[in-house]
Amino acid sequence: KDVSGNDIDGWKSVRATVGHITGKRYFEAKLMAKADALIMIGIANGGARMSADLGNASSGATSAAVYGTSGQQNNGFTVVNSITLNTFSLNDVFGIAVDFASGKVWFAQNNTYLNSGNPVAGTNPWLIFVPSSVSRIWPACSIRQSAGNTVRIQALAADQTYSPPSGF
């Protein structure tokens with residue numbers, strides 16, 4: 001699923017078509033076109049407003065995202081590690097691994113987990129959530145206005161660039 005800007009002021013977001021609540025899941029988002037850094041990659045539950053940026057309190061539900069200008073925001077999750085990453089570049093692939101049993105989430109840029117995160121070992125997650133407080137989590141992304149930005153959610157293994165961590 002792709003999300004692209006449309007030169008209309010404001011954020012627009014998209015969730016994948018299938019959300020999950022159990023097991024260990026991995027998905028990717030690929031930056032297909034880039035005109036500016038007004039891009040967010042992350043996760044959202046079913047109640048997140050798709051007319052707001054992910055992780056913003058105005059999104060109205062639990063969501064979290066990493067922002068193309070090297071920042072992050074979240075609403076309803078505990079940030080365990082503040083992420084430091086490179087500014088988003090064309091063709092970057094972002095991986096997110098979610099372990100629903102432990103309530104941990106890891107974020108990778110071009111197959112390198114940030115802050116020495118290790119989903120297989122369960123160490124240094126980006127976010128933590130209380131599994132019973134989240135009804136379902138979807139891969140998601142947000143773009144603000146620029147028609148030159150496009151992000152593709154790659155939730156199916158056949159569409160992914162990198163292999164998921166072992167067990168995900």
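Residues numbered from 1 in each chain as written. Predicted model: local features only at pLDDT ≥ 70, side-chain atom pairs only at ≥ 80, totals over all residues. Heavy atoms only, no water.

Draft legend 1. Structural view of the environment of C141. Mapping C141 onto the fold places it in strand β12 (residues 138-144). By relative accessible area, which is 0% here, C141 ends up buried. Note: C-alpha distance between C141 and I153 (12 residues apart in sequence) is 7.8 Å. (Helix = DSSP H or I, 4+ residues; strand = E, 2+ residues; numbered from the N terminus. Buried < 20%, exposed > 50% of the residue type's maximum accessible area, 1.4 Å probe, protein only.)

Draft legend 2. Molecular detail of the packing of aromatic side chains. All told, the structure shown has 5 aromatic pairs when counted by the stated rule. With 4.4 Å between their ring centres and 45° between their planes, F88 and F94 make a pair best called tilted. Judged by its relative accessible area of 2%, F88 is buried. Residues F94 and F107 carry aromatic rings whose centres are separated by 5.9 Å and whose planes lie at 35° to one another, so their mutual orientation is tilted. Here F94 is found in strand β8 (residues 93-99), whereas its partner F107 is found in strand β9 (residues 104-109), with 13 residues between them in sequence. You can call F107 buried: its relative accessible area is 2%. By the ring-pair criterion, three or more aromatic residues cluster together here, those being F88, F94, F107 and W126. (Phe/Tyr/Trp six-rings, centres within 6.5 Å; stacked < 30°, edge-to-face > 60°.)

Draft legend 3. Broad picture of the pairing of strand β4 (residues 39-44). Burial analysis of β4 places 6 of its 6 residues in the buried class, the great majority of the element. As paired strands, β4 and β12 are joined by 6 bridges and run antiparallel to one another. Across the sheet, A44 pairs through a bridge with W138, a residue of β12. Where β4 and strand β5 (residues 63-67) come together, 5 bridges link them in antiparallel fashion. Looking across to β5, one finds that G42 is bridged to A65. (Pairing = 2+ DSSP bridges.)

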